[in-house]
Structure formats: structure tokens, C-alpha cells
Amino acid sequence: MAGGSVSECKEYLFKVLVIGELGVGKTSIIKRYVHQLFSQHYRATIGVDFALKVINWDSKTLVRLQLWDIAGQERFGNMTRVYYKEAVGAFVVFDVTRGSTFEAVSKWKHDLDSKVKLANGNPIPSVLLANKCDQKKESSNNTALMDNFCKETGFLGWFETSAKDNINVDDAARFLVENILANDKGLPYEESNGDRIKLDKETVAAESKSGCC
Amino acid sequence: MAAEDLPSEFDVVILGTGLAESVVAAAFSRVGQRVLHVDRRSYYAANWASFTFNGLLTWIQEHHEESQPEEAQDWSSLLEEGEELIYLSSDPASISNVQAFCFTSEEDEEEEASSPDPPNTTEEETGGANEDVVKETSETESADLKEEETKEKPEERADGAEKEQRFTALNDGKSTVQTDVFRPITQASKTDGKEPGADQPTASAAQSQSEPAKKKISYAQLVKEGRRFNIDLVSKLLYSRGSLVDLLIKSNVSRYAEFKNVTRILTYRHGKVEQVPCSRADVFASRQLSVVEKRKLMRFLTSCVEETEEQRAYNGRPYLEFLCDQQLGDNLQHFLLHSIAMVTEDTPTEEGLSSTRHFLRCLGRYGNTPFLFPVYGLGEIPQCFCRMCAVFGGIYCLRHSVSCLVVDKTTNRCKAVVDSQGQRISCSHFVVEEGSVGTDWKMVTSPPRFLSRAVLITDGSILPSDSDQQVSMVTVPPIAAGCPAVKMVELCSSTMTCMPGTYLVHLTCQSVGSAYEDLSPVVTKLFRTPESHDQENCPSVLWCLYFNMTDSSGLEVEGHHLPSNVFVCSGPDGSLGHEHAIKQAELIFQKILPEEDFCPPAPNPEDIIYDGDNNSSSMGGEENGGAGEEENDGAGEEEEEKKEVLEENDGEEEKKEVVEEEEQSLQTEGIRLQPLETGSGSVGGSDSCSPPAGSQISRRDAVQTPEQHTASTHNPQRESASCMMGN
Ligand SMILES: Cc1cc2nc3c(=O)[nH]c(=O)nc-3n(C[C@H](O)[C@H](O)[C@H](O)COP(=O)(O)OP(=O)(O)OC[C@H]3O[C@@H](n4cnc5c(N)ncnc54)[C@H](O)[C@@H]3O)c2cc1C
Ligand SMILES: Nc1nc2c(ncn2[C@@H]2O[C@H](COP(=O)(O)OP(=O)(O)O)[C@@H](O)[C@H]2O)c(=O)[nH]1
Ligand SMILES: [Mg+2]
């Protein structure tokens, strides 16, 4: 998944899934992170596969993060393979004000792990987001519990986030990207992908076919 | 994940996630219709699905079990005045004669290269599915020993489908230690009297290899690496200028898929597999053709592009006759008839010529052959359309069906459907897969037809070459009079349909007999199986599957004894391309929404760049030709979205970005446009290794995000200079 280098700059394109129950704030988190926006208006996401965030990671690294929201399939958990295909990271989101959404987290995580893996067979790095923390009743201290849950369920870690008040969203993303980058170092570039064809790129495809670059 | 009630009103309800249904779903959703798309199966794509090896074993088992017709529940309590119910059929028996064979050893045989395996009589089920595959167990010479196996298959146990599937070697008691026994175990004949006779292949002791040249991949390895397989139920290819490719490009659904070129066309002739020269370069490079033949072929191919008087004179007469009269000679005649036109000896000339022209038109668009194959298998394609439908708000529900239609007696229209949970869901239109419509309701003009299919996992290519990553289309003319012509596709592991070190081979023909009867003679000739002889150089079949599938190409979308707003989609047909399903989907769409555009390009998410925080640094620094576009996405009631498109002219790749309008009172000051990247059209650049996530889509379009519509703004935007159509 490593990008080709443009001069000195290393460029990466990462597909990251954002999953979780309906209404936990997935779309809001993406909007917040990518567009610096928040809206109370709840509307299903229409017409957008993913949002792209371009991160100048450091002077030599550019990361293009594709955040894939789940579309109308979310309600019944029947995602197509297209959604999972070749993802390298995931956020699983729940709503701290609704216990049932936390209970669904393990289901989502399980589903994720069964449907997508890294090339080396490991599960893709995933981070748990406890969203709407701005609405948390009192600061009940279950940090240890959550840490433990993450360990057991295979999350890299968890963050209390608020899409509304912009809490921890950037940090969570940075944390995930760090892990993806660390994984990426170890992964061999998949050479067989080189001659894959995207249909809209016929000129390029034809050229690559004839062996000239 | 949460199971909850479905909304009770939709514009279109679609049952079945096959290709035509999925295209219909995407098309409706794309123009703002509320779509509910369900499938009673637990997977997408119906008979177009692809499975991992283990998934396929489960599928085999499912088709092996007696499916009990579900008790039709009485939903008449949901009826209102003047309504009646039409029950759908719950058991579409479109698959029959399912037979699987395993010709490789169960476990790895490290130390046993020279010593025969003991006969495997142990039942190694792990309490799971009893995958009744019998295997070749011996390494010793027991060739030519044919034993009649007439035993009944053991009872199927059908629990724990998830468990690792084991096979049981059957020993009939007569076999000696050295006898390799194989016979089909998985066998599901849903006999309705109309399908081809189910062959009960009896017998045959295996011939084993005299010297294990290379270590065969064991069944255990196939299971272990089962995830690497994506085995399609249907075997088709995409014509590079066919209607599916055009639709994928037009709609931008292409962003969800990547393809491989079919790298060569092969044919089976005089007991040998040969490469068919089909491009100019191939013709000149060909070693099989004489100089004279090369000239003749080039002349013929050039001349047949245009219709001539001479050709017209042959209308109605066989293409073969026309070819004969061209004095092309046997070689060329064979290539032209079987591999290029891919027709039979009695196909009329006009049809043969039109197939030939289609083939020629498709050459060179993406590669040296006219065909493409989707990475991860054909089963991806319906899912790509489903994803598009979902992205535009379509609701998906698997393991969910429609039990019956609520019909208004006076208007003869379907007002609502009742789903498998007994929920009444109103809809304006209902689209259904053929298999769910009981025969009583269907208007069938021609007798039912079937396809015979075989799937082989082999250990080598049928025609080894410099590269072990060839994707081959092989035409096998009838091997004897009365036998069907067989189309064969050999896939290598870089298509992501089989594990490294193996090839996945699909055989398809119109059924004459059962799939086993039709295809096993071809398999025996072209591959090494326990039944074949003198085939040291052929690839070995490790595992194979035969089954028949209904060929529903004759089915019409309407005109059945069904309400006027109910449309039927047929399942896969026997042709190589996808024209049938795509035409059907478009026809249904146009009947329901004659005014609307069919699958207009979806906005490219990559165009929407909100780069709030820092800089706009890096990447490019090129001039951005300001351009915007305004789009009416056809979603009638939705306001258009405005955005700005910046276009970067850098090589052939168009780079633009779209900025979404800010919502409500929120500031957009943080939003900046940032060029995507320098247009790296080069192979090996970031483009070639990016995921199939749409990063290379060049068509730009509006983004319709309902939140935005609450913001009352509606600014005209600059027009995009160009909207690069796929072509
Ligand atoms: C939606 C979905 C449903 C699945 N359902 C099942 C199932 O029911 N039973 C089962 O055994 N396995 C299932 N799989 C597993 C899947 O087929 C792959 O085998 C798995 O995702 C990759 O495992 P791998 O270690 O072989 O990775 P690799 O083969 O190395 O794959 C590398 C990359 O390719 C992607 N990829 C691999 N295979 C597929 C595929 N078939 N479709 C899309 N992307 C793919 C992976 O996500 C990964 O990012 C499913 C996968 C998906 C995405
Ligand atoms: N208070 C609060 N509300 C939020 C937060 N994130 C999302 N919401 C609200 O929760 C609702 C559902 O959010 P949405 O992003 O659509 O959830 P999705 O279904 O997971 O995509 C919306 O009304 C949001 O405004 C948050 O961090 N705090
Ligand atoms: Mg959402």
C-alpha cells in the first residue's frame, strides 16, 4: 500500500474504515476530522464513499487518508466486500450515552477481523472511539476497564472523543496512522498489483501493457 | 448490526443481488429513489457469487441438502380491502447435479513420497460438515484399475458449516490398499424432470502418478489457504468494449474494482493446446502460422471490419461456409470460427461476422486480448453496484426475503410486499430474481435450458510459458460429434482468485447432459486426473467441482402473469460477456423511469478535499485551472450541490477537487483546496499501488450531501472545463 515516491517525498494512501452502530457519530467524526465541521442535523450520508484527508505527516511523508463511512448497509451489518477490500486500518465507534452501542463493538470488531486482514495475515490495526464524551454523565473512571477491553478485543487503544467539541479526534487519527505506518514498513510491496487495470485509465493501462513507463 | 425494523415505504424493492438486480438497484438509488435490496442468502451476488474455498464447500453442502420448501405462511391478515396476495417461491432450484472430487492427498505428505498411503478409511469429520470428497490416496501404481463404485453417498451431516471441512475417503471394501478410490460424493440433484439427467458417475479407480515430480498441494493446504480463493459460480469475461465495461466507466462504479487483462487466447486442437494469434503483433510473432497464412489472416481481419456485398450474400448460411470459401486453410478457419468468433459450425454468417467484429473492436483497448477479468473474481461486480446503491442511500438486508406481494385487484399493481418477517412494506415497483418467481407465474416461451459448469483447482498452467501469471481464455470445440463446445478460463493467482502455486480453471458449456457428463471428458483430455492416461505433461487436477445452473437467457423482464409493476431479472446466461444482464437492467430502469438518466456518474469522493489544518503544501504546486461544474444528479427533489472544481493539467491525469458547501452557520474558512498529487501517470507510481478506492477516477461530479441542502445557498458554479468520460 505504500505510495510511490514523488522526489524525496514518500506518499501513502491508506484506506481506513469507520464502523459502528447507527447514530454513534461516525459521519460526524469524519466531518469533524476532515472538514472541521459539526452539525446536529442527523442525516444519513448520501453519495459519498469516503472523505479524503491529506496529512503532511512529516517533511518526507505525505499521507492521504481515505475515511470510508458506511453507507446504507450499516443498519443490518451487511457490508459488501467492496467496503472492506484492502483497508489498512479501522475506527470502531460507539456512543457513550448508549450502552447498547458499546455492546455492539465486539460484534463489529469480530466482523472486521473476519473480513479483512493485512497481507501478512494479521488483523488490521483498529482503534476504539468512545464518542459523544461531551455528553458523558459524570467522569466515571473506567479507564482500566476500557484498557482491558481493548486488550481482549484486539484494539490498539481507545479514545474518548467528541465530534461536537472536537475532542481527541485528531489524536485518535494520529495514533492510528502511526500504527499503520509502522505496519507498512514491514510489509512487502505487492508487486502483482502493478498490472492491475482501473477502467478509467485506459491510456495508462495500455502504456503499461506495452511496457513503457 | 442492530436488527431493527425496516422502513415501511420504498420506491423500489428488489429481491436478489445478482448482477442485473444489483445494477437496477444502483441505477434507482443513484437518481434518488428509495431502494430496499434484499437477498434471502447470506451472501451477495446470488448465482453470480464467488466464494473462498471454504465458502464454496459450504455452498456445495447447502446444495446437497434436501431443501425443505418453507411452509408458506399465511399473511392474508395483512391484506386490506380489494387486495390479494401472490406468494413467491422460496426454493429456486437453479443449481443441480453438484459433484465435487478431490484428487490430492488429504494432508501434506512430507515423508511419504515413496511409500503408499494407507487407505484412508477414517472418517475425519470434525463434527462439522461432512464434505464427501473422496480423494486419491495412493502414490503407487494402480493405474488402469477401474472399480465400480456404486455405493450410495453417506448421509449428510449438516451442522457446523463453519467448521473446517474434511473429506472422507470412502472405501468400498473391495479396494485394496493400493487402490485409489474416488467418486463424487457431493451430489445434489434437484430433479424436476426438466433438467439434464443427473449422471451418477460411478467408479474409477485412480491412476496415480508414477513419480511424484513435485509435491502436490494437499487438500489440507487448500483449506488452510482457503481465503486466497475466490471461486465464481459464473464464468464470464468482460469485453473491453462491452456494455458492462461501458457501464462501469459511465457510472463510476469502476472505482470499486480493478481488472486484469486476459493475456492470451488459447484453443484445443489435434490434442494440443495452442495459442491463437489475435492481435497484429501476435499474428506476426506467431510461430504456428506460415507467412502466407499470416498475410491471409491479416487480410481477412482487415476486410471483415466493413460489411461487404460478398458477406451479405452469405446471410443465413453458416459462417463456416463463408470461411471455407475464403480459402483460409484449416488453421485459420479454426481460429476464426472457434476462438475469435467463438461460434459453432452452424452459426449463420452474419452472426459469426458480428462476433468477429466485436472481438476485433475490443482488441487493444486495455491489452492484447479483448477481455478483462476482475481482480478477486466476478462476484465483485454485483457488489460494486450494491455498494454504489448503498452509498446513495439504498438499504441492504441479507438473509431476508420477500414472501409475497400485495396486489391491488382492480389495478393489478403490486402495492406492497410482505417480507420474511411478516412486515408489510409499500413500494411502487418490485424487481425480483427469476428464481424466486414460481413457475406458475412465469411466461416461458422456450424450454428450460441449463449450463454445465466445472471448476478445477490445478497445479500448473495448461500451456506453460515464460510467465506463470497468465490469464487464458481457452476455446475447446466439441471433442466429438454431439458434444458441446466448451469455454474455459484459466486464472492465475495474481487475479486473487486462487492461492499461489495453483490455477483456477472454469469450464462452461450449454448442457447436453449433466455437468459431469458434458465436461469431465474435456477435463480428462486436458488435465491429469485419476481417469486420464498418458498425460504426464498436463497439469494435475487437485480438486474439482461440477454443477448445472439454469440458463435463463430466454427470460423476458415483463409479460409474466404478474402485476404490471413487477419486473423479473434473469440469472446468468451462457454467453461469455455480460450484455444480457446489463441490457435487462437498463430495460427495467427505462420502463420504470423513462425520463431519468441510467447510472449517471457518481461524484468522485477524492474530489472532495477539505484540508482544514495546515498548508496546502507539497504536491504539485501546479497551476490550477479554475473550473467548476454543476450537476443535476437527477434526484429530483434534492437541491443541487455546489462545489468548486480545480483542475490540474498534468499529463493525462486530470486532477480536480471539489469543495463542498459549508453547512449552516459553520465557517469554512479552514477549508482549502489542495491538489491531490502530482499527476503520476506512470506505472509503479502511487497510482498503481493504491487501493481500488477511487483514487483514479477522473470523472467529476457533484456531491450530494443532504445536510447541505438545509443550507439555503445555491450558488451557480463555474463549469468544469471537461468531464473526462471514460471514452
Ligand atoms: C466482505 C467480506 C466477506 C468475507 N467473507 C468471508 C467468508 O464468509 N468466509 C471466509 O472464509 N472468508 C471471508 N472473507 C475473507 C476474504 O475472502 C479474504 O480472504 C480476507 O479478507 C483476506 O485474507 P488474507 O489473509 O488471505 O489476505 P490477502 O489475500 O493477502 O489479501 C490482501 C488484501 O486483499 C483483500 N482481499 C483479500 N481477499 C479479498 C476478497 N475476497 N474480497 C475483497 N478483498 C479481499 C484483503 O482485504 C486484504 O486487504 C471475506 C472478506 C470480505 C472482505
Ligand atoms: N453531543 C454530541 N453529539 C454528537 C457527537 N457526534 C455525533 N453527534 C450527534 O449524533 C447524531 C448521529 O451522528 P452521525 O454522525 O450521523 O452518526 P452515524 O450514524 O454514526 O454516522 C447526530 O445528531 C450528531 O449531531 C458528539 O461528539 N457529541
Ligand atoms: Mg452516518
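Residues numbered from 1 in each chain as written. Chains lettered and ligands numbered in written order. Predicted model: local features only at pLDDT ≥ 70, side-chain atom pairs only at ≥ 80, totals over all residues. Heavy atoms only, no water.

Going by this rule: UniProt positions are given in the numbering used here, feature names are shortened, and annotations may be inferred rather than shown by experiment.
You'll find chain B entered in an unreviewed UniProt entry as Rab proteins geranylgeranyltransferase component A 1, with Collichthys lucidus given as the organism. According to the UniProt record, the Subcellular location (unreviewed entry) comment for chain B is "Cytoplasm, Cytosol". UniProt lists a comment for chain B under the heading Sequence similarities (unreviewed entry), and it reads "Belongs to the Rab GDI family."

For chain A, an unreviewed UniProt entry supplies the name Ras-related protein Rab and the organism Collichthys lucidus. A UniProt comment under Function (unreviewed entry) is attached to chain A, and it reads "The small GTPases Rab are key regulators in vesicle trafficking." Within the UniProt record for chain A, the comment given under Sequence similarities (unreviewed entry) is "Belongs to the small GTPase superfamily. Rab family."

**Remarks on the packing of helix 4 (residues 243-251) of chain B against helix 11 (residues 380-391) of chain B**
Residues and elements named next belong to chain B. The line we're drawing: For every element, the axis is a line fit to its C-alpha atoms; helices are fit only across the contacting stretch, and the angle between N-to-C directions ranges from 0 to 180 degrees. Going along the chain from the N terminus, every DSSP run of H or I of four or more residues is numbered as a helix, and every run of E of two or more is numbered as a strand. Note on angle classes: values under 35 degrees are labelled roughly parallel, values over 145 roughly antiparallel, values of 65 to 115 roughly perpendicular, and the remainder oblique. Helix crossings get a hand from a simple test, with the near helix turned counterclockwise from the far one by less than a right angle marking a left-handed crossing and a clockwise turn marking a right-handed one. It only takes one pair of heavy atoms within 4.5 Å for two residues to be counted as in contact.
Here helix 4 crosses helix 11 at 25°, and the two axes come no closer than 12 Å. As judged from the angle between their axes, helix 4 and helix 11 are roughly parallel. Two packed elements cross with a definite hand, and for helix 4 against helix 11 that hand is left-handed. Counted together, Leu244, Leu247, Leu248 and Ser251 of helix 4 and Ile381, Phe385 and Met388 of helix 11 form the full contact between these two elements.

**As for the packing of aromatic side chains**
All names here are of chain A. Where we set the bar: Pairing of aromatic side chains requires ring centres within 6.5 Å, counting the rings of Phe and Tyr and the six-membered ring of Trp. Pairs whose planes differ by under 30 degrees are stacked, by over 60 edge-to-face, and all others tilted. The classification of residues rests on relative accessible area computed with a 1.4 Å probe and restricted to protein chains. Under 20% of the type maximum is buried, over 50% is exposed, and intermediate values are partly exposed.
Per the stated rule, a full pass over the model turns up 26 aromatic pairs over all chains. Seen in terms of ring centroids, phenylalanine 50 and tryptophan 68 are 5.2 Å apart; in terms of plane orientation they differ by 25°. Their pairing is stacked. With phenylalanine 50 in strand 3 (residues 50-58) and tryptophan 68 in strand 4 (residues 61-68), this pair connects stretches of sequence that are 18 residues apart. Accessibility expressed as a relative area gives 1% for phenylalanine 50, which makes it buried. A ring pair is formed by phenylalanine 149 and phenylalanine 155, whose centres lie 6.4 Å apart and whose planes are at 25°; its orientation type is stacked. By the burial criterion, phenylalanine 149 is buried, and phenylalanine 155 matches it.

**Side note on the sheet that holds strand 9 (residues 238-239) of chain B**
All names here are of chain B. The test is simple: Strands pair, by our definition, only if DSSP identifies at least two bridges between them.
Taken in spatial order, the three strands make up an open sheet running 9-13-10, and their pairing is antiparallel. The open sheet terminates on both sides in strands that have one partner only, identified here as strand 9 and strand 10 (259-261). Here strand 9 pairs with strand 13 (residues 371-374) via two bridges, running antiparallel. By the bridge assignment, tyrosine 239 is partnered in strand 13 with phenylalanine 371.

**Observations concerning the confidence of the model for chain A**
Residues and elements named next belong to chain A. Cut-off, in case you're wondering: You can read pLDDT as the predictor saying how much it trusts each residue, on a scale of 0 to 100.
Averaged over every residue, the pLDDT of chain A is 82; the share at 70 or more is 77%. Long-range and interchain partners of residues 1-6, a stretch whose pLDDT sits below 50, account for 26 contacts in this model, where long-range means more than four residues apart. Counting interchain partners and residues more than four positions distant, the pLDDT-below-50 stretch residues 201-213 has 21 contacts.

**Regarding the site of ligand 2**
All names here are of chain A. Filter applied, for reference: Being near a molecule or strand, for a residue, means having at least one of its heavy atoms within 4 Å of it. Two N or O atoms form a polar contact when they lie within 3.5 Å of each other; inside protein one atom must be a possible hydrogen donor and the other a possible acceptor, and for residues adjacent in sequence the pair counts only when both atoms belong to side chains.
Around ligand 2, the surrounding shell holds 19 residues, and the nearest of these are Gly23, Thr27, Ser28, Asp134 and Ala163. Within the backbone of glycine 25, one N or O atom sits 3.0 Å away from an oxygen atom of ligand 2. Between ligand 2 and threonine 27 there is a distance of 2.6 Å, counted from an oxygen atom to a side-chain nitrogen or oxygen. The leading source of residues in the shell around ligand 2 is helix 1 (residues 26-35), at three residues.

**Describing helix 9 (residues 330-340) of chain B**
All names here are of chain B. Counting buried residues in helix 9 gives nine out of 11 residues, a clear majority hidden from the surface. On its buried face, helix 9 is in contact with strand 11 (264-269), strand 12 (272-275), helix 6 (291-303), helix 8 (319-325), helix 10 (349-362) and strand 20 (472-476). Positioned one or two residues after helix 9, methionine 342 has a phi angle of 50°, which is positive.

**Topic: the site of ligand 1**
Taken together, 15 residues form the shell around ligand 1, and within it Lys115(A), Val116(A), Arg227(B), Asn230(B) and Tyr376(B) come nearest. Among the chains of the assembly, those with residues near ligand 1 are chains A and B. Take Arg81(A): an N or O atom from its side chain is 3.4 Å from a nitrogen atom of ligand 1. Note that an oxygen atom of ligand 1 is positioned 3.4 Å from one of the backbone N or O atoms of Glu86(A).

**Some remarks on the pattern of salt bridges**
Residue and element names in this part refer to chain B. As a reminder, the rule being used: Salt bridges, as used here, are contacts in which a Lys or Arg side-chain nitrogen is within 4 Å of a carboxyl oxygen on Asp or Glu.
Using the criterion set out here, one finds 33 salt bridges over all chains in the structure. Between arginine 34 and aspartate 11 there is a salt bridge, with the nearest N and O atoms lying 2.9 Å from each other. Here the residue arginine 34 occupies a position in the loop between helix 1 (19-30) and strand 2 (35-39), and aspartate 11 occupies one in the segment before strand 1 (12-15), the gap between them amounting to 23 residues. Where arginine 40 meets glutamate 433, a salt bridge forms, and the shortest distance between an N and an O atom there is 3.8 Å. Residue arginine 40 is located in the loop between strand 2 and strand 3 (50-51), and its partner glutamate 433 is located in strand 18 (residues 429-433); the two are separated by 393 residues in the primary sequence. With a relative accessible area of 28%, arginine 40 lands in the partly exposed category.

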